[in-house]
Amino acid sequence: MLRKSLPIILLSLAMLPQTSPAPLHALDLEPAGLVPVSIPTGTSPVTPFTQADLDGNGTPESLALTGGRLSILSSSGIVWQSPPAWQVVQAAISDLDRDGKLEVTLLLWRPFRPWPADQWLPNGGRIAGFHDAAGQSCHIILVGWREGGVRELWAGSAMADPITSFAVADLDSDNNQELVALEGRYNDPRSAPARILKVWEWNGFGFSVVSYISGTFSKLTLVQADNGHILVLVP
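Residues numbered from 1 in each chain as written. Predicted model: local features only at pLDDT ≥ 70, side-chain atom pairs only at ≥ 80, totals over all residues. Heavy atoms only, no water.

**Notes on the pairing of strand β10 (residues 136-146)**
Thought 1: With nine of its eleven residues buried, β10 lies for the most part within the structure.
Thought 2: Sheet topology note: the strand β9 (residues 103-111)/β10 ladder contains eight bridges and is antiparallel. Counterpart to Leu-106 in the pairing with β10 is Ile-141.
Thought 3: As judged from the six bridges shared by β10 and strand β11 (residues 149-155), these two strands associate in the antiparallel manner. Paired with Trp-145 across the bridge in β11 is Val-150.
Thought 4: The turn linking β10 back onto β11 is made up of two residues, and Glu-147 within it adopts a positive phi angle of 55°. (Buried < 20%, exposed > 50% of the residue type's maximum accessible area, 1.4 Å probe, protein only. Helix = DSSP H or I, 4+ residues; strand = E, 2+ residues; numbered from the N terminus. Pairing = 2+ DSSP bridges.)

Okay, here's the thing in structure tokens:
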């Protein structure tokens, strides 16, 4: 048994140098767009908010994501839950629509639906290909407390390229948050690395792209430098 195990152990040791973590690169959002910068010392991670007073009653609500279903919880129980047809991947408390009120940003997959004006077109419409082989499309949706309950505030149509993960922060120090997203392709496996990093901002009725770079991205991290500036770190 020992002789048979020895080659496997040697092979594993030989592979260790090849599995070392990829070096991190820092990106700063400047007026010209995303710019590579050196990573400053003394940075601290920017963690997403998962608890806040959404209804203004002085008691915070919290987010719980289990099995692709998001629940918004108050001290009295569940005040909102995502529909069963939604597969929620990520959620964070934000103010991306810049109305001064906190809401919840959801990244999710759900069955594809064409635009109402396009569903009778012979070619399937302008977003006909915005879904995977299983007919699931990727969306960003904002929900928040309005008129006595949690409601869907804004729902984007199917993304042209699916988002694999996102982060929210004020990258350009203008007191407004941006949406930082990694995007892949619908024909890629869900676990595949992203191909594009994009920064989006609210334009009054939806999101517009501020800047983007192409590459291979497995994850993104936001860090805050000692001077208060927030940078994007990608391996």
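**Let's talk about the environment of Ile-140**
Thought 1: Position of Ile-140 among the secondary structure elements: in strand β10.
Thought 2: Sequence separation of Ile-140 and Thr-105 is 35 residues, and the distance between their C-alpha atoms is 7.0 Å.
Thought 3: With residues up to four places along the chain from it excluded, the contact list for Ile-140 reads Thr-105, Leu-106, Leu-107, Trp-154, Ala-155, Gly-156, Ile-163 and Leu-179. (Contact = heavy atoms within 4.5 Å.)

**Observations regarding the sheet that holds β11**
Thought 1: Read from one edge of the open sheet, four strands run β8-β9-β10-β11, paired in antiparallel fashion. If you trace the sheet from one side to the other, it starts and ends with β8 (87-94) and β11, each paired once. When strand polarity is set aside, the average angle formed by the axes of neighbouring strands in this sheet is 30°. (Axes fitted to C-alpha atoms, helices over the stretch in contact; angles between N-to-C directions.)

**Some remarks on the side chain of Asp-97**
Thought 1: Inspection of the secondary structure puts Asp-97 in the loop between β8 and β9.
Thought 2: No salt bridge is formed by the buried Asp-97; its nearest oppositely charged neighbour, Arg-146, is found at 4.5 Å.
Thought 3: Beyond its immediate chain neighbours, meaning those up to four positions away, Asp-97 contacts Glu-103, Leu-142, Arg-146, Leu-153 and Trp-202. (Lys, Arg positive; Asp, Glu negative; His and termini not counted. Salt bridge = Lys/Arg side-chain N within 4 Å of Asp/Glu carboxyl O.)

**Quick word on the confidence of the model for the chain**
Thought 1: In the predicted model, the chain carries a mean pLDDT of 87, and 86% of its residues have values of at least 70.
Thought 2: Of all helices and strands in the chain, the one with the weakest mean pLDDT is helix α1 (residues 2-15) (35), whereas strand β13 (residues 178-183) scores best (98).
Thought 3: Residue range residues 1-17 is modelled with pLDDT below 50. Its contacts to residues more than four positions away, or to other chains, number zero contacts. (pLDDT = per-residue confidence, 0-100.)

**Some words on the sheet that holds strand β7 (residues 77-81)**
Thought 1: If you trace the four strands from one edge of the open sheet to the other, you get β4-β5-β6-β7, paired in antiparallel fashion. One side of each edge strand has no neighbouring strand; the edge strands of this open sheet are β4 (51-52) and β7.
Thought 2: As defined by bridge partners, strand β5 (residues 61-66) adjoins strand β6 (residues 69-74) across five bridges and the pair is classed as antiparallel. Paired with Ala-64 across the bridge in β6 is Ser-71.

**What about the pattern of salt bridges?**
Thought 1: Applying the stated criterion to the full structure yields eight salt bridges.
Thought 2: Residue Glu-201 pairs with Arg-98 through a salt bridge whose shortest N-O separation is 3.7 Å. Taken together, the positions of Glu-201 in strand β14 (residues 194-202) and Arg-98 in the loop between β8 and β9 put the pair 103 residues apart, joining distant regions of the chain.
Thought 3: The exposure class of Glu-201 is partly exposed, given its relative accessible area of 29%.

**Considering the packing of aromatic side chains**
Thought 1: In this structure the tally under the stated criterion is five aromatic pairs.
Thought 2: Ring geometry for Trp-202 against Phe-207: centres 5.1 Å apart, planes inclined by 80°, an arrangement best described as edge-to-face.
Thought 3: Classification of Phe-207 as buried rests on a relative accessible area of 15%.
Thought 4: Members of the aromatic cluster, joined through ring pairs, are Trp-154, Trp-202 and Phe-207.
Thought 5: Here the guanidinium or amino end of Arg-190 rests over the ring plane of Trp-109, the centre of that ring lying 3.6 Å away. (Phe/Tyr/Trp six-rings, centres within 6.5 Å; stacked < 30°, edge-to-face > 60°. Lys NZ or Arg CZ within 6 Å of the ring centre and 35° of its normal.)

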